[in-house]
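# Breakdown of the fold
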Amino acid sequence: MKAWQFTAIDEPLHMVDLADPEPGPTDIIVDTRAVGLCHSDIGFMNGTITALLGHVPIVLGHEIVGTVSAVGTDVTEFVKGDRVGIPATTDGPGTALNGGYAQKVKVPAHLPVKLPESLSFRDAAPATCSGRTAYRAVHTAGQVESGMKVGIIGFGGLGYFGVQIALAAGATVFVSELNESRWPLARELGAKGCSKDIRDFESEQLDLIIDFAGADGTLDSAVDAIRHSGRIVEVGLGAETSSVSIPNITMKEVHIVGSSNGTKDEARAILELVADGSVRPHTEEIAFDDIPAGLHRLEQGKTDARLIAVL
């Protein structure tokens, strides 16, 4: 099979020929139909988070959907022909194991979930990573309820999902995004207001703020903007450290929680929301051969849509 392999930090991906994977007793083989390009892959390639990889060289790509083409002898959950998505995990394909920048993927059978029949591979791919992460931030960590006022910091890949998930839950949403060119899309989705600083919505008495940026200063801005006893969910990893007002946290009795990438149940939940039209991914289709060029575009910030390689 053809695969794009990561071999060393600051080196481009290399197209290689690898033997088709064979399933162990508890594995399945998935023929890749679509794979999303995630900013984490940039971090793997430039050395920022390379230590998280299980081995190098490795085939990257962790937003994987496809069709089951072989099953191990002990597998009962899946059969050939099943359409599946593989929720991104640190012990899964694209991080610990060879991933989806390849025509086939071997994956432990406990990881994938079945896709709703009405859902296209292209739309399903980003839901396995960014969509699931956003769902966990809004619902599990954020404890969103209908009628809440929700602030979203960062209207990138995660924020795009987060705005829609919060709206689908019945919340009123306000967006903080430095790039003003993204504001019309946020308003089109239903955001009530857009600004460069979430503190501009302090008078709205925000119940919940989700920081998908995690840049220096965004958490402090959220603490300023949140209502008394409100909740802040920290998701973004834009900065390693950030200063924040301790008196504000204390006197306002702010609840601050972290939120990572989620569970299989959360993956199923966001896939259903995409399937029923409550959430619509913003994607751009590229060819398998264009994955390295797509990653370069992503690194340069030259795409607003989630790039999806469709095989």
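This structure is a prediction, so every number in the text was calculated from the model and none was measured. (Residues numbered from 1 in each chain as written. Predicted model: local features only at pLDDT ≥ 70, side-chain atom pairs only at ≥ 80, totals over all residues. Heavy atoms only, no water.)

In this structure, Val-144, Val-150, Ile-152, Ile-165, Val-175, Ile-210 and Ile-270 are the most contacted members of the largest nonpolar core, which totals 44 residues. At the level of elements, helix H2 (121-141), strand E9 (149-153), helix H3 (157-168), strand E10 (172-176), helix H4 (183-189), strand E12 (206-211) and helix H7 (264-275) are the ones that each hand at least two residues to this core. At nine residues, the largest contribution of residues to this core is made by H2. Dropping the residues within four chain positions of it, Val-175 is found in contact with Ile-152, Phe-155, Val-163, Ala-186, Ala-191, Gly-193, Cys-194, Ser-195 and Phe-201. (Core = buried A, V, L, I, M, F, W, Y, C linked by side-chain atoms within 4.5 Å. Buried < 20%, exposed > 50% of the residue type's maximum accessible area, 1.4 Å probe, protein only. Helix = DSSP H or I, 4+ residues; strand = E, 2+ residues; numbered from the N terminus. Contact = heavy atoms within 4.5 Å.)

On to the packing of H2 against H3. Direction vectors running N to C along H2 and H3 enclose 55 degrees, while the axes themselves pass 8 Å from each other. With respect to their mutual orientation, H2 and H3 come out oblique. Crossing handedness for the pair H2 and H3: right-handed. Residues Pro-126, Ala-127, Ser-130, Gly-131, Thr-133, Ala-134, Tyr-135, Val-138 and His-139 of H2 form the contact with H3, whose participating residues are Gly-157, Leu-158, Phe-161, Gly-162, Ile-165 and Ala-166. For the contact of H2 with H3, the per-class residue count stands at nine nonpolar, six polar and no charged. (Axes fitted to C-alpha atoms, helices over the stretch in contact; angles between N-to-C directions. Parallel < 35°, antiparallel > 145°, perpendicular 65-115°, else oblique. Left-handed = near helix turned anticlockwise from the far one by under 90°. Nonpolar A, V, L, I, M, F, W, Y, C, P; charged D, E, K, R; others polar.)

Scanning the model with the defined rule gives 15 salt bridges in all. Among the salt bridges present, the one from Arg-136 reaches Glu-266, with a minimum N-O distance of 3.0 Å. Linking Arg-136 in helix H2 with Glu-266 in helix H7, this pair joins segments that are 130 residues apart in sequence. One salt bridge connects Glu-284 with Arg-297, and the closest N-O pair in it is separated by 3.0 Å. You can see Glu-284 sitting in strand E15 (residues 283-286) and its partner Arg-297 sitting in helix H8 (residues 291-299), a full 13 residues away along the chain. Look at Arg-297 and you get partly exposed, because its relative accessible area is 26%. Three or more residues are tied together by salt bridges with common partners; here these are Asp-197, Arg-199 and Asp-224. (Salt bridge = Lys/Arg side-chain N within 4 Å of Asp/Glu carboxyl O.)

A cis amide bond links Val-56 with the next residue in sequence, Pro-57, at an omega value of 5 degrees. One non-glycine residue, Asp-10, lies in positive phi territory at about 65 degrees. Tracing the sequence through the fold places Asp-10 in the loop between strand E1 (2-6) and strand E2 (14-17). Looking at Asp-10, the relative accessible area reads 61%, which means it is exposed.

Another point: the sheet that holds strand E4 (residues 58-59). The strand order E2-E1-E4 describes an open sheet built from three strands, whose pairing is antiparallel. Bordering the open sheet on either side are E2 and E4, each of which pairs with just one other strand. In this sheet, E2 lies alongside E1 in antiparallel orientation, the contact comprising four bridges. Following the sheet pairing, Lys-2 is matched in E2 by Asp-17. (Pairing = 2+ DSSP bridges.)

Counting buried positions over the five residues of E1 gives four, a clear majority of the element. Two strands pair when backbone bridges link them, and E1 and E4 are joined in this way by two bridges, in the antiparallel orientation. Note on E4: the bridge partner recorded for Phe-6 is Ile-58.

What follows is about the sheet that holds strand E14 (residues 255-258). Strands pair in a sheet through their backbones, by hydrogen bonds, and they do so in one of two ways: parallel or antiparallel. Taking strand neighbours across the sheet as the criterion, the six strands line up as E11-E10-E9-E12-E13-E14 in an open arrangement whose pairing is parallel. A single partner strand is all that each edge strand has here, and the edge strands are strand E11 (193-195) and E14. When strand polarity is set aside, the average angle formed by the axes of neighbouring strands in this sheet is 20 degrees. Its contacts with the sheet put helix H5 (residues 218-225) on E9, E12, strand E13 (226-234) and E14, and the angle it makes with E13 is roughly 155 degrees.

We now examine the environment of Val-79. Relative to the helices and strands, Val-79 resides in the loop between strand E5 (63-71) and strand E6 (83-86). Residue Val-79 is classed as partly exposed on the basis of its relative accessible area of 49%. Taking the C-alpha atoms as reference points, Val-79 and Ile-28, separated by 51 residues in sequence, lie 8.9 Å from one another. With residues near it in sequence (within four places) discarded, Val-79 still touches Val-68 and Val-71.

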